[in-house]
Amino acid sequence: MEQYGGQTKRFLVSGTEVLRCRISLPFWEGRDSMSGFYEEMKKEALSFCEGALLSMAESEFAACDDPKKRFSFPSFLYTLEGRVTWEDREREWLTVRLEARLSRRGGGAPLEQYIDGQAWALSEECLIPPEQLAQVFGLRRLRRGERKESTGVFVDQGKLWLCKNGRAYSVEAAKNRNSRKK
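Reference entry: report on the structure contained in this document. (Residues numbered from 1 in each chain as written. Predicted model: local features only at pLDDT ≥ 70, side-chain atom pairs only at ≥ 80, totals over all residues. Heavy atoms only, no water.)

### A closer look at the nonpolar core
Logical step 1: Core analysis: the largest hydrophobic core is formed by 29 residues, its most contacted members being Val18, Leu19, Tyr78, Leu94 and Val96.
Logical step 2: At the level of secondary structure, the elements contributing two or more residues to this core comprise β1 (3-13), β2 (16-27), α1 (32-63), β3 (76-88) and β4 (93-104).
Logical step 3: The dominant element in this core, judged by the number of residues it contributes, is α1, at nine residues.
Logical step 4: In this structure valine 18 touches Phe11, Val13, Leu54, Ala57, Phe61, Phe73, Ser75 and Phe76, once residues within four positions along its chain are discounted. (Core = buried A, V, L, I, M, F, W, Y, C linked by side-chain atoms within 4.5 Å. Buried < 20%, exposed > 50% of the residue type's maximum accessible area, 1.4 Å probe, protein only. Helix = DSSP H or I, 4+ residues; strand = E, 2+ residues; numbered from the N terminus. Contact = heavy atoms within 4.5 Å.)

Spelled out as C-alpha cells, the structure:
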C-alpha cells in the first residue's frame, strides 16, 4: 500500500514570499525501485524550483514597481502531485497520475500545467508499456500515432489515459473522435 510523502518550501526575497513549492509523491515500504523513482523526481523538482523558478520569481519581484510589493506581490506556486489512480490486485499492477502546475497567488487558471503517468508491475517493480496496459481495457493495440507519441499512461475513473506533450488524452475519446471523422 502506498503512502505519500510531501515537502513544502518557501522562497523569500527581502522577507517577501516570491515562490512556494509543494511536492506530494507516493512511496512504498519495501519497494525501493518504485520509491526511488519518485524520490529522484522530488529531488529534480526541488532543484528546478531552487534554480529556474526562483530566478524567474526574483526577476518578477525586482521588476515590480509597486511601492507596496512587499505586501501585495502575487507569489508563484509550484505544485507536483502524484496519486495512485488505479490498482489491479490480481495482476499486481497500478498506475500513478502526475500533475505539475505553476500558478500565481490570486490568479485563476494555471500559468503552466503538465500531466504525465506511469503504470507499474509491482512484482518486478518495473514500468508497464502503454500497449500492454491498453490490452487490459479491451484494446488489441494502440493506433500507431498513440504508440509512438505517448510518453506516459495511467488509468483514472475506469478510463485509460495516454500522455503526450504534458496533456492527458482518454483513449476512448480519441477512438470516438476518429470514428466521427469517417
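### Things to note about the pattern of salt bridges
Logical step 1: Here the structure, examined in full by the defined rule, presents 10 salt bridges.
Logical step 2: Salt-bridge contacts for glutamate 39 lead to lysine 42; the nearest nitrogen and oxygen are separated by 3.6 Å. Taken together, the residues glutamate 39 and lysine 42, both in helix α1 and three residues apart, mark about one turn of the helix.
Logical step 3: For glutamate 39, a relative accessible area of 35% gives the class partly exposed.
Logical step 4: We classify lysine 42 as buried; its relative accessible area is 18%.
Logical step 5: Sharing partners across several salt bridges, the network here consists of Arg10, Glu17 and Arg20. (Salt bridge = Lys/Arg side-chain N within 4 Å of Asp/Glu carboxyl O.)

### Comments concerning the pairing of strand β8 (residues 159-164)
Logical step 1: As paired elements, strand β7 (residues 152-156) and β8 share five bridges and run antiparallel to each other. Opposite valine 153, over in β8, you have leucine 162 as the bridge partner.
Logical step 2: In this antiparallel pair of consecutive strands, β7 and β8, the connection spans two residues, and glutamine 157 shows a positive phi of 50°.
Logical step 3: Joining the antiparallel neighbours β8 and strand β9 (residues 167-170) is a turn of two residues, in which asparagine 165 adopts a positive phi near 50°. (Pairing = 2+ DSSP bridges.)

### A short note on the sheet that holds β9
Logical step 1: Read across the sheet, three strands follow the order β7-β8-β9 without closing on themselves; strand pairing throughout is antiparallel. The outermost strands of the open sheet, each flanked by one partner alone, are β7 and β9. Along the sheet, successive strands turn relative to each other by an average axial angle of 30°, direction set aside. (Axes fitted to C-alpha atoms, helices over the stretch in contact; angles between N-to-C directions.)

### Quick word on the sheet that holds β2
Logical step 1: The sheet built from six strands is open, its strands ordered β1-β2-β3-β4-β5-β6 with mixed pairing. Among the strands making up the open sheet, the edge pair consists of β1 and β6 (126-127).
Logical step 2: Along the sheet face, α1 touches β1, β2, β3, β4 and β5 (112-121) and points at about 170° away from the line of β2.

### Quick word on the side chain of threonine 95
Logical step 1: Along the chain, the position of threonine 95 falls in strand β4.
Logical step 2: Of note is the side chain of threonine 95, whose polar atom sits 3.1 Å from the backbone nitrogen of valine 155.
Logical step 3: If sequence neighbours within four positions are ignored, threonine 95 has contacts with Arg83, Val84, Thr85, Trp86, Gln118, Ala119, Leu133, Phe154 and Val155. (Polar contact = N/O pair within 3.5 Å; in protein donor to acceptor, adjacent residues only side chain to side chain.)

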